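Observations on the model geometry
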Amino acid sequence: MRLLFTHIKGLLQTFDTVPTLRRGATLQTIPCIENAYLLIENGNIADFGTMPNLPVGSRAGAKVIDASNRFVLPSFVDSHTHLVFAGSRESEFVDKIKGLTYEQIAANGGGILNSAKKLQAADEDELFDSAWQRLNEVMRTGTGAIEIKSGYGLTPQDEIKMLRVIKKLQKYAPITIKATFLGAHAIPKEIDRASYVSQIINEMLPQVAAEQLAAYCDVFCDEGFFTVEETDKILAAATALGLRPKIHANELAVSGGVQIGVKHQALSVDHLERIGAEEIEVLKNSDTLPVVLPGSVFFLGLPKPPVRQMIEAGLPLVIASDYNPGSCPSGNMPFTIALACIQLRMTPEEALNAATINAAYALGLENTHGHIRRGIAANVLLTKEMPSYQFMPYSFGNQPIELVVVNGKLWE
Ligand code: NIG
Ligand code: FE
């Protein structure tokens, strides 16, 4: 099975070796081969180059797609989602329009606990079906690898149920899915906080590890949710069981989340709406990746994370959707990229690097995703006709993608 794209206006993010994390000067640039071809064979990227160098015979037996006036780029990597959930929360959306804050909505029994009640009442099949539909939607908008968290179960039984749904998605979905255990998402009303933290550590985590239900462990380390001390204990237990931390930090307050994440060598600390020079310094001296979530900043009207300062400090920034029913009911990566540009003042180059190469690192997929290289599985996108790749975020809200290739196959 061969697939050949010819006359590509710009073939983006091509490399001969695995690209390093994009920061500083490399965050500002996107390699672009003009008037290019891309040959895909047996699911993998076989070759690419400029049209005058297209080897004779490349068309033989191939499905040929003329990509004139269009761009080809690697699929997006979405490193932070809560894509498995039951029901929706548009009534809270209306409350928010009327002036209630995220914290007030949560205090009124809304928020995460509202989603937990709905998820506890749903069975695995229902959860799978709705998540499957969402996964297909985000694949249509270019997501080629994704992380999915638990965190709406909040009891041992329901957290495991969520993770089993994610495991089933991993089995049937054509794209790579990484699972994260987020039992520490909120404290249920029925149990005191010390007992819940102990349940996470002594009941949930051992079962998650025994059944290999997750690669990562997340904690919502923020005001009104989990304290730094609780986060410390949970992450120590998770690490001992082989789950790498990846946490929600500094969304609602200067929570100490960044520092505790770095202490536990978290793969990433995500949100970061409320960080300053101190947290940036801590991140600079670590291997922990900073992930910002432009969709939830936009949807909740949160303060903007200090993206320009992070970039100036040389941090390898990542952007992700945060797809969830409360703070970002969209997993559309082209829109996330547009928001990163429009609202957080990232350039199109910075935002594309943050959603491809750097995002792949945030899921440990840097060898296989987020770039185009001979020999790796072909997970690429063909844009619609456009004058430049900067047109993608500029023309926000419009579907910029014409075709999606998943593991070398055209995906309808
Ligand atoms: O990443 N901040 C914590 N968790 C989610 C929101 C969850 C919800 O509101 O349901 C987030 O924004
Ligand atoms: Fe989140």
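Please refer to the structure placed before this passage.
Residues numbered from 1 in each chain as written. Chains lettered and ligands numbered in written order. Predicted model: local features only at pLDDT ≥ 70, side-chain atom pairs only at ≥ 80, totals over all residues. Heavy atoms only, no water.

1. Things to note about the environment of lysine 246
- Within the secondary structure, lysine 246 sits in strand 10 (residues 244-249).
- A distance of 3.0 Å separates the side chain of lysine 246 from the side chain of serine 268, its partner in a polar contact. (Helix = DSSP H or I, 4+ residues; strand = E, 2+ residues; numbered from the N terminus. Polar contact = N/O pair within 3.5 Å; in protein donor to acceptor, adjacent residues only side chain to side chain.)

2. Thoughts on helix 3 (residues 111-121)
- Of the residues making up helix 3, those classed as buried are Gly111, Ile112, Leu113, Asn114, Ser115, Ala116 and Leu119.
- Its buried side turned inward, helix 3 meets helix 1 (90-97), helix 2 (102-107), helix 4 (124-140), helix 5 (156-172) and strand 9 (216-221). (Buried < 20%, exposed > 50% of the residue type's maximum accessible area, 1.4 Å probe, protein only. Contact = heavy atoms within 4.5 Å.)

3. Some thoughts on the pattern of salt bridges
- Tallied over the entire structure, the rule returns 13 salt bridges.
- Aspartate 16 is paired through a salt bridge with arginine 374; the nearest N and O atoms lie 3.3 Å apart. Here aspartate 16, found in the loop between strand 1 (2-12) and strand 2 (32-41), pairs with arginine 374, found in the loop between helix 14 (357-361) and strand 14 (380-383); they are 358 residues apart in sequence, far enough to count as distant.
- Residue class for aspartate 16 comes out exposed when judged on its relative accessible area of 64%.
- Exposure remark for arginine 374: the relative accessible area of 37% places this residue in the partly exposed category.
- Of the charged contacts, one joins glutamate 211 and arginine 164 as a salt bridge, the two residues approaching to 2.9 Å between their closest N and O atoms. Taken together, the residues span a long stretch of sequence, with glutamate 211 in the loop between helix 6 (193-210) and strand 9 and arginine 164 in helix 5 at a distance of 47 residues. (Salt bridge = Lys/Arg side-chain N within 4 Å of Asp/Glu carboxyl O.)

4. Let's talk about the coordination of the iron ion (ligand 2)
- In this structure, His80 (NE2), His82 (NE2), His248 (NE2) and Asp322 (OD) serve as the protein donors to the iron ion (ligand 2), at separations of 2.1 to 2.2 Å.
- In terms of primary sequence, the donors binding the iron ion (ligand 2) are separated according to H-x1-H-x165-H-x73-D. Linking histidine 80 in the loop between strand 6 (76-78) and helix 1 with aspartate 322 in the loop between strand 13 (318-319) and helix 12 (333-342), this pair joins segments that are 242 residues apart in sequence. One exposure class covers both histidine 80 and aspartate 322, and it is buried. (Donors = N, O, S within 2.8 Å, 3.2 Å for Na, K, Ca; no water.)

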